[in-house]
Amino acid sequence: MDFKITNEQKQYQKELRLFCKNQLNDEKDITHFSKELWEKISEFGILGLTVSEEYGGLEESYLTASIAMEALGYNCINNGLIFTITNHMWVALNTIYLYGNDAQKDTYLRSMVSGEKIGAFALTEAEAGSDATSIMAYAESDNGGYRLSGSKMFISNGPIADVFIVIALTKRSVKEYTAFIVEKEFAGVNIGKEIPKMGLDACPISEVIFENCFIPFENILGKVGAGNIIMNEVITWERCYEFAPHVGAMQRVMEQCLRYVNERKQSGRYIKEFQAVSHKIANMKVAAELSRNMLYKVAWMKDQNKRAYQEAAIFKLFVSENYIKICQDAMQIMGAYGYSKEYGIERELRDAMACSIYSGTSEIQRNTIFQLMSF
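As a starting point, this report considers the structure included with it.

Scoring rules and cut-offs
Residues numbered from 1 in each chain as written. Predicted model: local features only at pLDDT ≥ 70, side-chain atom pairs only at ≥ 80, totals over all residues. Heavy atoms only, no water. Helix = DSSP H or I, 4+ residues; strand = E, 2+ residues; numbered from the N terminus. Rg over C-alpha atoms; globule rule 2.2 N^0.38 Å. Buried < 20%, exposed > 50% of the residue type's maximum accessible area, 1.4 Å probe, protein only. Contact = heavy atoms within 4.5 Å. Areas by Shrake-Rupley, 256 points an atom, 1.4 Å probe, with all protein chains shown as cover. Lys, Arg positive; Asp, Glu negative; His and termini not counted. Charge placed at Lys NZ, Arg CZ, Asp CG, Glu CD. Expected span 1.5 Å × (residues − 1). Disulfide = S-S within 2.5 Å. Salt bridge = Lys/Arg side-chain N within 4 Å of Asp/Glu carboxyl O. Pairing = 2+ DSSP bridges. Phe/Tyr/Trp six-rings, centres within 6.5 Å; stacked < 30°, edge-to-face > 60°. Lys NZ or Arg CZ within 6 Å of the ring centre and 35° of its normal. Core = buried A, V, L, I, M, F, W, Y, C linked by side-chain atoms within 4.5 Å.

**Observations regarding the overall build of the protein**
Logical step 1: When helices and strands are counted, the protein shows 12 helices and 10 strands.
Logical step 2: For 375 residues, the compact-globule estimate of 2.2 N^0.38 gives 21 Å, and the protein sits close to it at 21 Å.
Logical step 3: On the principal axes, the C-alpha backbone points of the protein span a range of 80 × 45 × 40 Å.
Logical step 4: Counting across all 375 residues of the protein, residues that qualify as buried make up 56%.
Logical step 5: In the protein, of all internal contacts separated by at least 6 residues, the share reaching a separation of at least 24 is 73%.
Logical step 6: Carbon and sulfur atoms make up 50% of the accessible area of the protein, which totals about 16,700 Å².
Logical step 7: Each charge sign in the protein was given a centre, from 40 positive and 47 negative side chains, and these centres are 7 Å apart.

**Remarks on helix H4 (residues 79–99)**
Logical step 1: Between the first and last C-alpha of H4 there are 28 Å, a value that for 21 residues agrees with the 30 Å anticipated at 1.5 Å per step.
Logical step 2: The buried fraction of H4 is high, at 19 of 21 residues.

**Quick look at unusual backbone geometry**
Note: most peptide bonds trans; most residues except glycine with negative phi.
Logical step 1: In this structure, Phe154 is a non-glycine residue whose phi angle is positive, near 55 degrees.
Logical step 2: The backbone of Asn212 shows a phi angle near 50 degrees, a positive value even though the residue is not glycine.
Logical step 3: Within the secondary structure layout, Asn212 lies in strand S7 (residues 205–216).
Logical step 4: The class for Asn212 is partly exposed, based on a relative accessible area of 47%.

**Concerning the state of the cysteines**
Logical step 1: Enumeration over the complete set of coordinates arrives at zero disulfides.
Logical step 2: Cys327 carries a free sulfur, and the closest cysteine sulfur to it, the one in Cys355, is 8.2 Å from it.
Logical step 3: Relative accessible area serves as the criterion here: at 0%, Cys327 is assigned to the buried category.
Logical step 4: Judged by its relative accessible area of 0%, Cys355 is buried.

**Regarding the pattern of salt bridges**
Two side chains that carry opposite charge are able to pair once their charged atoms sit near each other.
Logical step 1: Counting across every chain of the model gives 19 salt bridges.
Logical step 2: The partner of Lys40 in a salt bridge is Glu36, with the nearest N and O atoms 3.9 Å apart. Of the two residues, Lys40 and Glu36 are both situated in helix H2 (residues 35–44); the distance of four residues between them amounts to about one turn of the helix.
Logical step 3: Residue classification places Glu36 among the partly exposed positions, given a relative accessible area of 47%.
Logical step 4: The residue Glu273 makes a salt bridge to Arg269 at a minimum N-O spacing of 3.5 Å.
Logical step 5: We classify Arg269 as partly exposed; its relative accessible area is 38%.

**Regarding the side chain of Ser156**
Logical step 1: Residue placement: Ser156 occurs in strand S3 (residues 145–156).
Logical step 2: Leaving out residues up to four positions away in the same chain, Ser156 has contacts with Phe83, Asn87, Ala120, Cys203, Pro204 and Ile205.

**Structural notes on the pairing of strand S5 (residues 176–183)**
Side chains on a regular strand alternate between the two faces of the sheet.
Logical step 1: In terms of residue burial, S5 counts as a mostly covered element, since seven of its eight residues are buried.
Logical step 2: As paired strands, strand S4 (residues 163–171) and S5 are joined by eight bridges and run antiparallel to one another. In the sheet register, Lys171 faces S5, and the bridge partner there is Glu176.
Logical step 3: Turn length for the S4-S5 hairpin, with the two strands adjacent in sequence and antiparallel, is four residues, and the turn residue Lys175 shows positive phi of about 50 degrees.
Logical step 4: In terms of strand pairing, S5 meets strand S8 (residues 220–221) through two bridges, oriented antiparallel. Bridge pairing links Phe180 to Ile220 in S8.

**Thoughts on the packing of aromatic side chains**
Logical step 1: Tallying each qualifying case throughout the model produces 16 aromatic pairs.
Logical step 2: Consider the rings of Phe243 and Tyr358, whose centres lie 5.3 Å apart with planes at 40 degrees: the pair is tilted. Remark: Tyr358 occurs in the loop between helix H11 (345–353) and helix H12 (362–371) and Phe243 occurs in the loop between helix H6 (227–241) and helix H7 (244–261); sequence separation between them is 115 residues.
Logical step 3: Of the residues examined, Tyr358 reaches a relative accessible area of 14% and is grouped as buried.
Logical step 4: Here the aromatic residues Tyr62, Trp90, Trp237 and Tyr241 are joined through ring pairs into a cluster of three or more.
Logical step 5: A cation sits over an aromatic face here: Arg172 above Tyr138, 3.7 Å from the ring centre.
Logical step 6: Lying across the ring of Tyr270, Lys265 places its NZ or CZ 4.8 Å from the centre.

**Things to note about the nonpolar core**
As a rule of thumb, nonpolar side chains are buried together in soluble globular proteins.
Logical step 1: In terms of nonpolar packing, the biggest core is built from 72 residues, with Leu24, Met69, Tyr241 and Ile333 touching the most fellow members.
Logical step 2: Ignoring sequence-local partners within four residues, the contact set of Met69 consists of Ile46, Thr86, Met89, Trp90, Tyr241, Ala244 and Pro245.
Logical step 3: The next biggest cluster of nonpolar side chains, apart from the first, holds 31 residues, and it includes Ile96, Phe121, Leu123 and Val234.

**Notes on H11**
Residues separated by three or four positions in an α-helix point in the same direction, a consequence of the helix having 3.6 residues per turn.
Logical step 1: Here H11 lies mainly inside the structure; seven of its nine residues are buried.
Logical step 2: Among the residues making up H11, those that are buried are Ile345, Glu346, Arg347, Glu348, Leu349, Asp351 and Ala352.
Logical step 3: Check the buried side of H11 and you find it contacts H4, H7, helix H9 (309–334) and helix H10 (336–339).

Structural measurements only, silent on function.
So this is what it looks like as structure tokens:
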């Protein structure tokens, strides 16, 4: 595996950084989803990064995509907006691109690549979080399609999504799962109110309720009964590319701390001279470097068409726990300044806290890693 970044990748990274700096960092947009920012992102073209040119994409490699997602996290302070982008790209658009048939791709991809339609992945339920096999939403075969009933909870992009990838049971006795493409405009789709949360404010979440919603056969993703396979693969993409921006955010917070310790004095000395402080920053550097290496490894594996289920779990676990730790240490280093809103660290910590929960808790990642080890 070659860790060298090509000149083309460097140029795209540079362009993305300038775009984020100049277009995405108005703090007034951090508290809510901004349609204006979404349109700017769509015009920049990042949404179709790995999608073929046939559907309006850039047809870049997954390694290039990981570099881009990291740059997005480093240069855009709006972590909620980034979460909206990654949910749209990697668990909705990418799922149709990889598992959809030609007709489904023709119907949905171009409008999703252009940002005209926003996607979401509807898996989690009120009683089925990390244990996705406990979902109860059920789709019953009907003339010309399926009738879907059930409720999905805490769906990222729920209030703003036009297209949902929904995983539901199609057989209860043997727990057969099927993936469906469901449009917001289908009869029987009801979007709940936005759920207030601790952080990531620019990514709205909600309940999505399906009441005898008719889904035509042509909107079955893959084939009937393939939902479990699709679900596991989607989770792999999610754990890699929804956490790739966190690597950039970790680097950004670390550099903010470096600037602070080179300016702040205590007892007549710059606080970087205190080992308790310098060791915290050294640990940040270790975490950022190892996270980046693991990210590039998973992306390289996907470019080689390799499964990376365990590797993605390792990456997700390491990044999520260290992202939180870096933000906690940053607040400790900055003291009352870190706790105040002016420096942005309290917001970074609030945004980071959820990443050890979504895409499977840290405990679930450890279960996955252990179960896939050879003995």
